[in-house]
Amino acid sequence: MKHIQTQLAKMSIDEKLHILAGSGFGNNGAARPPMNLKKDVSGVAGYINGVHNEKLDIPATALADGPAGVRIIADSDEATAHYNSTAWPIGSLLASTWDSDLITEVGKAFGEEIRDLGVDFILAPGQDIQRNPLNGRNFEYYSEDPLLTGRSSAAIVRGIQSNGVGATIKHFVANNSETNRQQVNEIITPRSLREIYLRGFQIAIAEGKPWALMTSYNQVNGAYNNARSDLLLSILRDEWHFEGLVMTDWFAGDTDQPGTQVAAGNDMIQPGGDQVFQNLKTAYDNGVLTDEMVDRSVSRILEQVCRTPGYLMQDFAGSVQHKDEHLALVRRAAAEGMVLLKNDQALPAEPRETMAVFGINQVNTYKGGTGSGDVNVSSTATLADGLSSQFDCDSKLLTFYTDYFEQNRVASNGGLGVSNGYTCDEPTIDDDAMTQYANSNDIAVICIGRQAGEGADRANEAGDYLLSDAETTLLQQVATTFHDQQKKVVVVLNVNGVVDTSWADDVDAIVLAYMPGQDGTYAVADILSGKTNPCGKLAQTFPVSYEDVPSASTFPGVDTTDDGAVDTEYYNEGIYVGYRYYTTFNHDVAYPFGFGLSYSNFELSDQRIVADHLSLGQYGNLVLTASVTNTGKVAGKEVAQVYVSAPQGALDKPAIELKSYAKTKLLHPGETQELVFLIPSELLASFDPEHERWLIEAGHYQFFISNSSDVSNTRPLDLNITKEIALMKTTSGALALPDDVSEDSFVTVTQ
Ligand code: GLC
């Protein structure tokens, strides 16, 4: 932009380098204030320095976390409380709505709060692939599938940025575990990177146009992502034409060499500070950083900064406005994402039914995860609050759990950052009392909660992925006692991600509520009462057991140097992540990707391929349609998903891959809606590593339009492609495996 060039001409090299280096960690005193600070939003995660000289006046601009809401930690509790904002449903729950318009609506409201609080860039959304259920940050991310991930990210980015503030998609790329996250080296084949780990970012950039991107902590194939020019220049800029600014994660990579990072295309070093500035200065003096590189990155930063409220010196409220509207939206979005996994005539429960609510999680409820993905809120309703807002819940039982929690809870600062959460063990209930509760209530609800956050991964053990012994005892005791009286038992999962459900046969219904955000527990009551007909679909597979996960044997990596720390993680499953694995190698799952029950029934019909423009190559596409009819007794919504089964040519392929999806409006009984699905060529293509190009191979393709990734009962649509269609050539040698690792050295999954 011309005026940026004019500004550059008015800057000294030091002023430019201060822009490339952030203002230092935590502007609440831990570092000198940002340069040219006009608005002090004390407690944000960082700032972009401004410039003030006789010719220029560029204000510093504010960066704040996180994916579930604006997180500001000021230097006092009352100051922090001043910035309390809305905690939105976690990424996994938003993705489970399969509704881009709704996610954009959430983004728009989220963006209002970003603006109200004086923040210019939000460090969100997080969109790394949920490769393994035990990743500590999965709650911040969307899905195991790159299309659902990319579309969900693009949707919230559009919403956020409609307020004139910037979104920062993160963490680029393959931040799929937290164990030793700042050093771990992910060994991933170029095809897996392109088709699985990069594709979601590619879609988010193309369809969301985020103003910023954050590189990840980890290495890929032997080099830190924030210092890889193949990733940050060749792919991100030359292939994808990304126009935003690129920042590091906080203290990421080889922090002594920020000049190398900027030279590789990582424009800004966060959180920065004086030492970073000095190291940049040294790199400049030594020629590692040239004027061309400095100006390139400063331009990219200023092009985004000049759009922000901070740069434009626009007033801001200083506290969150429209709170009630936003809480109502949390409730609606959370309800639309919750997934009904099982329902044996238990739900919806009648409002007159008296309810016995078990589980300490009913009073120790999780609105979201911990670390930078946490949000400081003024208050949030527990599951007990939510359920008792619509049901007559047994007060004696609630008192028992409330008292137990008060007497036994332990404050926990779960992982990094402020998370004023608690842990508390699961109390036991003696048999006589249990019998009494069964006698005096019509239905039982058991609340199971799980917490997680950045800085640590989860564990495949009791109390985390598996139920604790006390939870197992409670569940069996409730099930036996209530079933003896022909009464139903419902489990509500207030969890950060996938958990073991081997106990499912013991209960009558399971509602996956995830972490529903602030007061999102009212949405749980809406689902249980039928005020909202559940329409969420799984964005991640629930396997029969953790051992079935293809990366179970490699997660979270190995210690190859015997120094006690994991340092290398082999992505041996290649492109076979999630449902791509279970369907290809015929492994049963507990609940499949894309699955979710309703209180109604829907019928798909009239599936067709209505247009084939694939011959247009890079700009080609396919258009399919299908009709959805509500054949049930209550109004509801359905998500139709299009999976392709591509021919096994020179490239092996997963049994099916998601290529499009659409959600109906609220359909009344008997009502039908036709849905249209567009599949662009580049989404249909596979990555051909030998020729380093995207390719649609010739052969027989089948398209399944289904309501989940279980397409066993779906008649496919057939398409023969007589001649292969080569699409875009990509950067030669990009993302190559390290010299000491080759494709055949991978022990990839073969079953
Ligand atoms: C963290 C996280 C990143 C966050 C940043 C600033 O370590 O990895 O997601 O935005 O630091 O808090």
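As shown above, the structure is provided for reference.
These numbers were taken from a predicted model, which means no experiment stands behind them.

## Comments concerning the environment of L327
Then, in step 1: Residue placement: L327 occurs in helix α13 (residues 323-337).
Then, in step 2: Judged by relative accessible area, which is 18%, L327 ranks as buried.
Then, in step 3: Along the backbone, L327 and S605 are 278 residues apart, and their C-alpha atoms lie at a distance of 37 Å.
Then, in step 4: Look past the residues within four positions of L327 in its chain and what remains in contact with it is T86, Q518 and D519.

## Here we look at the packing of aromatic side chains
Then, in step 1: Summed over the entire model, instances satisfying the criterion amount to 19 aromatic pairs.
Then, in step 2: The interplanar angle of 70 degrees and the centroid separation of 5.2 Å between the aromatic rings of Y197 and Y571 together place this pair among those described as edge-to-face. Of this pair, Y197 sits in helix α7 (residues 190-197) while Y571 sits in the loop between β21 (568-570) and α19 (579-584), and the two are 374 residues apart along the sequence. Take Y197 and Y571: they sit in the same class, and that class is buried.
Then, in step 3: On the numbers, 5.3 Å between centres and 70 degrees between planes, the contact of Y581 with Y582 is edge-to-face. For the residue pair Y581 and Y582, the accessibility class agrees, reading buried in each case.
Then, in step 4: One aromatic cluster is present, formed by W98, Y579, F593, Y643 and Y661 through successive ring pairs.

## A few points about the layout of surface pockets
Then, in step 1: Reported here for the second largest pocket is a volume of approximately 650 Å³.
Then, in step 2: Lining the second largest pocket we find 28 residues, and of these Q202, I205, A206, K209 and W240 sit closest to its centre.
Then, in step 3: The dominant element in the lining of the second largest pocket, judged by the number of residues it contributes, is helix α8 (residues 199-208), at 6 residues.
Then, in step 4: The class makeup of the residues in the lining of the second largest pocket is 14 nonpolar, 5 polar and 9 charged.

## Structural notes on the sheet that holds strand β32 (residues 725-729)
Strand pairs in the sheet, formed through backbone hydrogen bonds, run parallel or antiparallel to each other.
Then, in step 1: Sheet architecture is open: 3 strands sit in the order β28-β29-β32, paired in antiparallel fashion. A single partner strand is all that each edge strand has here, and the edge strands are β28 (686-688) and β32. Shown here is a sheet whose adjacent strand axes are inclined to one another by a mean of 35 degrees, direction ignored.
Then, in step 2: As judged from the 3 bridges shared by β28 and strand β29 (residues 693-696), these two strands associate in the antiparallel manner. Within the sheet, the bridge partner assigned to D688 lies in β29 and is R693.

The rules behind the values
- Here the residue numbers are simple positions, counted from 1 along each chain's written sequence.
- Local features are withheld for residues below a pLDDT of 70 in this predicted model, meaning they are given only at 70 or higher, and side-chain atom pairs are given and counted only at 80 or more; totals for whole chains, interfaces and linings count all residues.
- Based on all heavy atoms of the structure, the side-chain values leave hydrogens and waters out of the count.
- Only DSSP runs of H or I with at least four residues qualify as helices, and only runs of E with at least two residues qualify as strands; both kinds are numbered from the N terminus onward.
- A 1.4 Å probe rolled over the protein chains alone gives each residue an accessible area, and that area as a share of the maximum for its type sets the label: buried under 20%, exposed over 50%, partly exposed in between.
- The contact criterion used throughout is that any non-hydrogen atoms of two residues lie within 4.5 Å.
- Aromatic rings from Phe, Tyr and Trp, taking only the six-membered ring of Trp, are treated as a pair when their centres fall within 6.5 Å; an angle between ring planes under 30 degrees marks them as stacked, one over 60 as edge-to-face, and anything in between as tilted.
- The method works on a 1 Å grid over the protein atoms by themselves. A cavity is a set of points holding a 1.4 Å probe that cannot get out, a pocket is an open set with protein on both sides within 12 Å along at least five of seven lines, and residues with an atom within 4 Å of a point line them.
- Grid points are joined across faces, edges and corners, and a volume is the space filled by probe spheres set on the points.
- Only Asp, Glu, Lys and Arg are considered charged, only Ala, Val, Leu, Ile, Met, Phe, Trp, Tyr, Cys and Pro nonpolar, and every remaining residue, Gly among them, polar.
- Only when DSSP finds a minimum of two bridges between them are two strands counted as paired.
- Axes here mean lines fitted to C-alpha atoms, for a helix over just the part in contact, with angles spanning 0 to 180 degrees between N-to-C directions.

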